[in-house]
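Here is how the chains run, residue by residue.
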Amino acid sequence: MGIIDRIKEIEAEMARTQKNKATEYHLGQLKAKIAKLRTQLLEPPKGSSGAGEGFEVTKYGHGRVALIGFPSVGKSTLLTMLTGTQSEAAAYEFTTLTCIPGIIHYNGTKIQLLDLPGIIEGASEGKGRGRQVIAVSKSSDIVLMVLDASKSEGHRQILTKELEAVGLRLNKKPPQIYFKKKKTGGISFNSTIQLTHIDEKLCYQILHEYKIHNAELLFREDSTVDDLIDVIEGNRKYMKCIYVYNKIDVVGIDDVDKLARQPNSIVISCNLKLNFDRLLASMWDAMGLVRVYTKPQGQQPDFSDPVVLSSDRGGCSVEDFCNHIHRSLVKEVKYVLVWGSSARHSPQHCGLSHVLQDEDVVQIVKKKEKESEGRGRFKSHTTGPDRIADRVKKAPLKN
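Cut-offs applied
- Residues numbered from 1 in each chain as written.
- Predicted model: local features only at pLDDT ≥ 70, side-chain atom pairs only at ≥ 80, totals over all residues.
- Heavy atoms only, no water.
- Pairing = 2+ DSSP bridges.
- Helix = DSSP H or I, 4+ residues; strand = E, 2+ residues; numbered from the N terminus.
- Axes fitted to C-alpha atoms, helices over the stretch in contact; angles between N-to-C directions.
- Contact = heavy atoms within 4.5 Å.
- Buried < 20%, exposed > 50% of the residue type's maximum accessible area, 1.4 Å probe, protein only.
- Arc of directions from axis to C-beta.
- Phe/Tyr/Trp six-rings, centres within 6.5 Å; stacked < 30°, edge-to-face > 60°.
- Lys NZ or Arg CZ within 6 Å of the ring centre and 35° of its normal.
- Left-handed = near helix turned anticlockwise from the far one by under 90°.
- Nonpolar A, V, L, I, M, F, W, Y, C, P; charged D, E, K, R; others polar.
- Core = buried A, V, L, I, M, F, W, Y, C linked by side-chain atoms within 4.5 Å.
- Salt bridge = Lys/Arg side-chain N within 4 Å of Asp/Glu carboxyl O.

**Brief notes about the sheet that holds strand β6 (residues 177-181)**
Argument step 1. Here we have three strands laid out as an open sheet, ordered β6-β8-β7, and mixed in their pairing. One side of each edge strand has no neighbouring strand; the edge strands of this open sheet are β6 and β7 (187-191). Averaged over neighbouring strand pairs, the angle between their axes works out to 5° when direction is ignored.
Argument step 2. Two strands pair when backbone bridges link them, and β7 and strand β8 (residues 215-219) are joined in this way by five bridges, in the parallel orientation. Within β8, the residue paired with I187 across the bridge is A215.
Argument step 3. Set on the sheet, helix α6 (residues 200-209) makes contact with β6, β7 and β8; between it and β7 the angle comes to about 140°.

**Notes on the pairing of strand β11 (residues 289-294)**
Remember that side chains alternate between the two faces of the sheet whenever the strand is regular.
Argument step 1. Of all six residues that make up β11, five are buried, and the element is covered over most of its length.
Argument step 2. Of the strand pairs in this sheet, β11 and strand β15 (residues 360-366) are connected by three bridges, and their pairing is parallel. Note on β15: the bridge partner recorded for V292 is D360.

**A few points about helix α3 (residues 75-83)**
An α-helix turns once per 3.6 residues; consequently, residues spaced three or four apart project the same way.
Argument step 1. If you check which residues of α3 are buried, you get K75, S76, L78, L79, L82 and T83. Here the buried residues of α3 occupy an arc of 160° about the axis, which is enough to place them on one side.
Argument step 2. Of the surrounding elements, those touching the buried residues of α3 are β1 (63-69), β2 (100-106), β3 (109-115), β4 (142-148) and α9 (276-287).

**Topic: the packing of aromatic side chains**
Two numbers describe a pair of aromatic rings. These are the distance of the centres and the angle of the planes.
Argument step 1. Under the defined criterion, the tally for this structure stands at three aromatic pairs.
Argument step 2. Centroid distance Y106 to W284: 5.9 Å. Interplanar angle 65°. Geometry classified as edge-to-face. Placement of Y106 in strand β2 and of W284 in helix α9 is noted, with a sequence separation of 178 residues between them.
Argument step 3. Residue classification places W284 among the buried positions, given a relative accessible area of 9%.
Argument step 4. If you follow R156 out to its NZ or CZ, it ends over the ring of Y243, 3.6 Å from the centre.
Argument step 5. If you follow K201 out to its NZ or CZ, it ends over the ring of Y25, 4.7 Å from the centre.

**What about the sheet that holds β15?**
Argument step 1. Taken in spatial order, the five strands line up as β12-β11-β15-β13-β14 in an open sheet, and their pairing is mixed. Only two strands of the sheet have a single partner each, and these edge strands are β12 (302-310) and β14 (348-350). Across the sheet, the axes of successive neighbouring strands diverge by a mean angle of 40°, strand direction being ignored.
Argument step 2. With three bridges connecting them, strand β13 (residues 333-339) and β14 associate as antiparallel partners. What sits directly across from V338, in β14, is Q348.
Argument step 3. Of the strands in this sheet, β11, β12, β13 and β15 touch helix α10 (residues 318-325), which is tilted by about 115° from β12.

**Brief notes about the side chain of S140**
Argument step 1. In this fold, S140 is placed in the loop between α4 (130-138) and β4.
Argument step 2. The contacts of S140, once residues within four sequence positions are left out, are R64, V65, A66, K237 and M239.

**Comments concerning the packing of α6 against helix α7 (residues 225-233)**
A pair of packed helices is characterised by two quantities: the angle between their axes and the separation of those axes.
Argument step 1. Packing of α6 against α7 leaves a shortest axis separation of 11 Å and a crossing angle of 35°. Considering the relative orientation of α6 and α7, their crossing is right-handed. Two secondary-structure elements touch here, α6 through L202, C203, I206 and L207 and α7 through V225, L228, I229 and I232.
Argument step 2. Looking at side-chain class alone, the contact of α6 with α7 contains eight nonpolar, no polar and no charged residues.

**Overview of the nonpolar core**
Argument step 1. Membership of the largest hydrophobic core comes to 54 residues, with the highest contact counts inside it found for L78, L144, L279 and M283.
Argument step 2. In contact with L144, other than residues within four places in its own chain, are V65, A66, L67, I68, L113, I242, V244, L279 and M283.
Argument step 3. By size, the runner-up hydrophobic cluster in this structure holds 23 residues, among which are Y25, I177, F179 and L202.

**What to know about the pattern of salt bridges**
Argument step 1. Evaluated as defined, the whole model comprises ten salt bridges.
Argument step 2. A salt bridge links K151 to D148; the shortest N-O distance between them is 4.0 Å.
Argument step 3. D148 sits in the buried class, given a relative accessible area of 7%.
Argument step 4. In this structure, K172 engages E164 in a salt bridge whose closest nitrogen and oxygen atoms are separated by 3.2 Å.
Argument step 5. Among the residues examined, K172 registers a relative accessible area of 43% and is labelled partly exposed.

**Concerning the environment of K33**
Argument step 1. Structurally, K33 is set in helix α2 (residues 24-42).
Argument step 2. Residue K33 is classed as partly exposed on the basis of its relative accessible area, which comes to 34%.
Argument step 3. Between the alpha carbons of K33 and R6 there is a distance of 9.6 Å; along the sequence they are 27 residues apart.
Argument step 4. Excluding residues within four positions of it along the chain, K33 makes contact with I10 and E209.

**What to know about unusual backbone geometry**
Argument step 1. Look at the link from S346 to P347: it is a cis peptide, with omega at -10°.
Argument step 2. Assignment of secondary structure puts P347 in the loop between β13 and β14.
Argument step 3. At S72, a residue that is not glycine, the phi angle is positive and equals roughly 60°.
Argument step 4. Here S72 is to be found in the loop between β1 and α3.
Argument step 5. Of note in this structure, N264 is not a glycine but carries a positive phi near 60°.
Argument step 6. For N264, a relative accessible area of 44% translates into the label partly exposed.

As structure tokens, this is what we get:
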């Protein structure tokens, strides 16, 4: 029996099992088994080099956005509208068969937009080109899930389910669970809050399913079984997702209003070029890019070419800003002067741990080179030898 068949068999058993207090331990073990099998499904086959057929797209710009959706929802048209890159668009499905990149120039930054082939139900099991599409999505900063406003809401649920099956968690925060494997000592279970979805016995059973018999486990929030499995697996990626509903020109105004009021949702029309500015603003807010301008000493700030930082790509502190310019610059910094919204007063003397905000101006003051000859009255002007033994004796005075 293959891995996919075993997953389907366990899912069928979970569907047959009634959910109550007596069966929660059994369901927890089944969830752990499915998570292990799905992890094995994504691993390369044994004996291979690990490199498989995929999309080779070099990262470019200050951020990467992936377009995900069913076939014929308008992804290629949206890429052409926003970037000017020509991507083939037609009325039939699966027009795009590979990954097509484009560049969005917005607020002085360059954002890479990827048009990926449409995925279908079962993409997490390898149907279509689902695995390659999801692999590229994992390397992106945010995901734009393009949906057809005239279709049912089930498309969004199907896509979310397929992405979660391969470890992508959309618009979720990592669970506050501390987990660490040990060599000896057994399992240490603690919690700082009352747990309602999981207990100590269920945690032991899930850990034993992973053959973990020595570990530390601390719950800082009321987590579920799925959260614990995600922490144990350790290969989950938590990403922000914007749900883009296209083709709003073919539905009624009431339906458009209902879709627009949903969280993390934007309604657009590629046919009529509607609401693109709102979409770009939402992308900018979701990516959290921070533009920092440099100011040389005694000169005006350079507003033409900002240094773009991000909390997802390294961080936004002054130390991260220095490392972005050059790795050796951190050792030479004496202090920095900061103008902008992150400063309490302009300019503010800051250290390396100061967190910068968008459109801040930074001036770096370097340390002065130490004088080897001393300072003030201790400064030596002689050119003679330092050791007494090396000094030349003077001739004796004549009487």
